[in-house]
Amino acid sequence: MKKVKELDFFKNIRQVREYQFGVFYFFDGLVISEINEGETFGWSMAKKVIDAAYELLGGDQPIAYISNRIHNYSVVPTDWLKFYKHRHELEYYSVVSYNQSGLASLVLEKMFYRKNIRQFSNLESAITWSLAQVNKERLNLSS
């Protein structure tokens, strides 16, 4: 189990935002979260992160999101409906899960998230996949 700050990739950081509910790392085309132990992550929290992502990364570029689940926490799966109601899109969403409880909450999320959620067992693989997807989309947009 690795935290974002422990990776060589951390040197590419644009900004770190710490909230009461967790820490979010912003890179070019990529946001990685580490939600605090015991939190119930819902729409009001997600809205703060979405606003920060638009502010820091812009709204016209593809962005991947990685949930690095180093702690046990819950997600309000039906809040994905609020995400879509506000016309937000997230093309690339992956979860790095280190135990069974992280996988269990993912099953519920998949019922409400409209696209595919990629699962990884290590953060480096999730970053590699996410950046490849974002770079591929950027190439498609520029041609």
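In case you missed it, the structure is sitting above this.
Asks: Is there a simple way to think about the overall build of the chain in this case?
Replies: Broken down by element type, the chain carries four helices and eight strands. Element order for the chain, N to C, with α for helix and β for strand: β-β-β-β-α-β-β-α-β-α-β-α. Across the 143 residues that make up the chain, the buried fraction comes to 49%. For the chain, the share of sequence-separated contacts (at least 6 apart) that also reach a separation of at least 24 residues comes to 69%. A total accessible area of about 7,800 Å² is found for the chain, and carbon and sulfur atoms account for 50% of it.

Asks: Honestly, the sheet that holds strand E1 (residues 15-19) in this entry has me stumped. Any pointers?
Replies: By definition, the strands of a sheet pair up through backbone hydrogen bonds, in either a parallel or an antiparallel sense. If you walk across this open sheet you meet the six strands as E1-E2-E3-E5-E7-E8, and the pairing is mixed. Each edge of the sheet is formed by a strand with only one pairing partner; in this case those strands are E1 and strand E8 (117-120). Neighbour-to-neighbour, the strand axes of the sheet open up by a mean angle of 20°, direction not taken into account. Of the strand pairs in this sheet, strand E7 (residues 92-97) and E8 are connected by four bridges, and their pairing is parallel. Bridging from a neighbouring strand, Ser94 pairs with Arg118 of E8. Those strands touched by helix H4 (residues 123-142) are strand E3 (30-35), strand E5 (64-69), E7 and E8, and its axis lies near 175° from that of E7.

Asks: Would you mind showing me how to read the pairing of E3 here?
Replies: Along a regular strand, successive side chains alternate from one face of the sheet to the other. Taking burial as the measure, the six residues of E3 include six buried ones, the bulk of the element. The alternating pattern of E3 places Leu30, Ile32 and Glu34 and Val31, Ser33 and Ile35 on opposite faces, both of which are buried. Looking at chain direction, strand E2 (residues 22-27) and E3 are connected through six bridges and run antiparallel. Each residue of the ladder has a partner; that of Val23, found in E3, is Glu34. Connecting E2 to the next strand, E3, in antiparallel fashion are two residues, including Gly29 with a positive phi near 75°.

Asks: Sorry if this is basic, but what is going on with the environment of Ala126 here?
Replies: Here Ala126 is to be found in helix H4. As for Ala126 and Ala64, which are separated by 62 residues in sequence, their C-alpha atoms are 9.9 Å apart. Ignoring sequence-local partners within four residues, the contact set of Ala126 consists of Ile66, Ser94, Val96 and Phe120.

Asks: I would appreciate a short explanation of the nonpolar core in the present structure.
Replies: Nonpolar side chains in soluble globular proteins tend to be buried together. Grouped together as the largest cluster of nonpolar side chains are 23 residues, with contacts concentrated most on Phe24, Phe26, Val31 and Phe41. The element contributing the most residues to this core is helix H1 (residues 43-57), with nine residues. Residues in contact with Val31, not counting those within four places in the same chain, are Phe24, Tyr25, Phe26, Val49, Ala53, Leu57, Ile63, Ala64, Tyr65 and Ile66. Counting residues in each nonpolar core, the second largest holds 19 residues, with Val23, Phe27, Ile32 and Phe120 among its members.

Conventions used here
- Residues numbered from 1 in each chain as written.
- Predicted model: local features only at pLDDT ≥ 70, side-chain atom pairs only at ≥ 80, totals over all residues.
- Heavy atoms only, no water.
- Helix = DSSP H or I, 4+ residues; strand = E, 2+ residues; numbered from the N terminus.
- Buried < 20%, exposed > 50% of the residue type's maximum accessible area, 1.4 Å probe, protein only.
- Contact = heavy atoms within 4.5 Å.
- Areas by Shrake-Rupley, 256 points an atom, 1.4 Å probe, with all protein chains shown as cover.
- Pairing = 2+ DSSP bridges.
- Axes fitted to C-alpha atoms, helices over the stretch in contact; angles between N-to-C directions.
- Core = buried A, V, L, I, M, F, W, Y, C linked by side-chain atoms within 4.5 Å.

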